[in-house]
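# Notes for the structure review
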Amino acid sequence: WKLEEALAWCKEAVQMHPASEGAQKAVILKASIEQSGLNMTTPEAVVPGQEFLIRLDYKNTDKVYFRLVELDPVKEMESRRRNEERLDYYRSLEAVQTWDQALEDPGDHQMHGTELIVPALQPGYYVLIGGTSPKFSINNEVVSMKRFWVTGLSYIIEKQDDGVAGVFVLDRNTGFPISGVKVEH
């Protein structure tokens with residue numbers, strides 16, 4: 001909680017002894033304290049046609065930009081892209097929705113958290129990209145990506161007495177079982 005005091009010490013160290021090893025370390029510490037931070041937590045699956053909440057943890061930013069993209073789940077599971085390549089690919093796809101959200105940043109360099117509403121979606125597989133800039137570039141800004149399903153189905157796997165796994169498919173909204181479902185693996 002004493003980050004303002006630490007920043008003052010860093011600035012003083014650099015001012016008084018600019019060529020020293022301590023000043024070099026102070027520059028690094030100052031940059032880490034002032035760096036923006038952003039992390040999203042989304043459900044693994046949400047109900048179609050209903051708004052839902054995500055958790056957003058952030059620091060040193062007063063606005064976050066969102067980009068929602070529908071994905072092909074088969075291509076996504078087969079993909080071997082690294083995060084930077086994955087982000088470039090997601091940016092190349094047409095967005096289902098984009099929006100921004102103002103945040104309260106008290107300037108204390110601490111992480112803060114809030115819950116935000118995401119608009120209702122049709123069934124599918126999506127990625128929500130959040131960033132400190134509408135460019136969603138990892139160069140000099142912070143980006144967070146979370147993939148999730150929009151589906152009316154959920155399931156429970158239960159091990160039977162004979163060792164075989166039983167799969168129960170349920171309506172995600174009501175919790176009632178759905179009959180006649182064939183499960184393949």
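Residues numbered from 1 in each chain as written. Predicted model: local features only at pLDDT ≥ 70, side-chain atom pairs only at ≥ 80, totals over all residues. Heavy atoms only, no water.

Judged by nonpolar contacts, the single largest core of 19 residues is most densely connected at I54, L56, L128 and F148. Counting only elements with at least two residues in this core, the list comes to strand 1 (37-41), strand 3 (52-59), strand 4 (63-71), strand 6 (112-118), strand 7 (124-131) and strand 8 (143-150). When residues in this core are grouped by element, the largest group, four residues, is from strand 3. When residues no more than four places from it in sequence are discounted, the contact partners of L128 are M40, T42, I54, F66, R67, L68, W99, V118, S144, M145, K146 and F148. Y65, V69, I129 and F136 belong to the second largest nonpolar core, which has nine residues in total. (Core = buried A, V, L, I, M, F, W, Y, C linked by side-chain atoms within 4.5 Å. Buried < 20%, exposed > 50% of the residue type's maximum accessible area, 1.4 Å probe, protein only. Helix = DSSP H or I, 4+ residues; strand = E, 2+ residues; numbered from the N terminus. Contact = heavy atoms within 4.5 Å.)

Let us now look at the pairing of strand 9 (residues 153-159). Sheet topology places strand 9 next to strand 10 (residues 165-171); seven bridges connect them, and they run antiparallel. Looking at strand 10, one finds that K159 is bridged to A165. Where strand 9 folds back onto strand 10 in an antiparallel hairpin, the turn is made up of five residues, including G163, whose phi is positive at roughly 90 degrees. (Pairing = 2+ DSSP bridges.)

Attention now goes to the layout of surface pockets. Counted as a void, the largest pocket has a volume near 260 Å³. At four residues, the largest contribution of residues to the lining of the largest pocket is made by strand 9. Residue classes in the lining of the largest pocket are distributed as eight nonpolar, two polar and one charged. Lining the second largest pocket are E44, A45, Y125, R147, F148, W149, T151, L153, S154, Y155 and R172. (1 Å grid on protein atoms, 1.4 Å probe; cavity = no way out; pocket = protein on both sides within 12 Å on 5 of 7 lines; lining within 4 Å. Points joined across faces, edges and corners; volume = space filled by probe spheres on them. Nonpolar A, V, L, I, M, F, W, Y, C, P; charged D, E, K, R; others polar.)

All right, on to the packing of aromatic side chains then. Counted under the stated rule, the structure contains five aromatic pairs. An angle of 25 degrees between the planes, with centres 5.1 Å apart, marks the rings of F66 and W99 as stacked. Highlighted residues: F66 in strand 4 and W99 in strand 5 (residues 97-102), separated in sequence by 33 residues. Between Y125 and W149 the ring centres are 4.5 Å apart and the planes differ by 40 degrees, which places this aromatic pair in the tilted class. Here W149 lies in strand 8 and Y125 lies in strand 7, a separation of 24 residues in the sequence. Taken together through their ring pairs, the aromatic side chains of F52, Y126 and F148 make up a single cluster. Looking at R81, its charged tip hangs above the ring of Y89, at a distance of 3.7 Å from the centre. (Phe/Tyr/Trp six-rings, centres within 6.5 Å; stacked < 30°, edge-to-face > 60°. Lys NZ or Arg CZ within 6 Å of the ring centre and 35° of its normal.)

The next subject is a nonpolar patch on the surface. Taken together, the side chains of L153, Y155, I157, V167, I178, V181 and V183 define a hydrophobic patch exposed on the protein surface, amounting to about 620 Å² of accessible area. Ranked by residues supplied to the nonpolar patch, first place goes to strand 9 with three residues. For I157, a relative accessible area of 57% translates into the label exposed. (Patch = residues over 30% accessible without salt bridge, like charges linked within 9 Å, V, L, I, M, F, W, Y side chains within 5 Å. Areas by Shrake-Rupley, 256 points an atom, 1.4 Å probe, with all protein chains shown as cover. Salt bridge = Lys/Arg side-chain N within 4 Å of Asp/Glu carboxyl O.)

Spanning 14 residues, helix 2 (residues 21-34) covers 20 Å between terminal C-alpha atoms, matching the ideal 20 Å at 1.5 Å per step. Every buried residue belonging to helix 2 is among A23, A26 and I33, and all of these are buried. An end-on view of helix 2 places all buried positions within 80 degrees of arc, on one side of the element. Those residues of helix 2 that are exposed and aimed more than 90 degrees away from the buried face are E21, Q24, K25 and I28. Buried residues belonging to helix 2 abut helix 1 (3-16) and strand 3. (Expected span 1.5 Å × (residues − 1). Arc of directions from axis to C-beta.)

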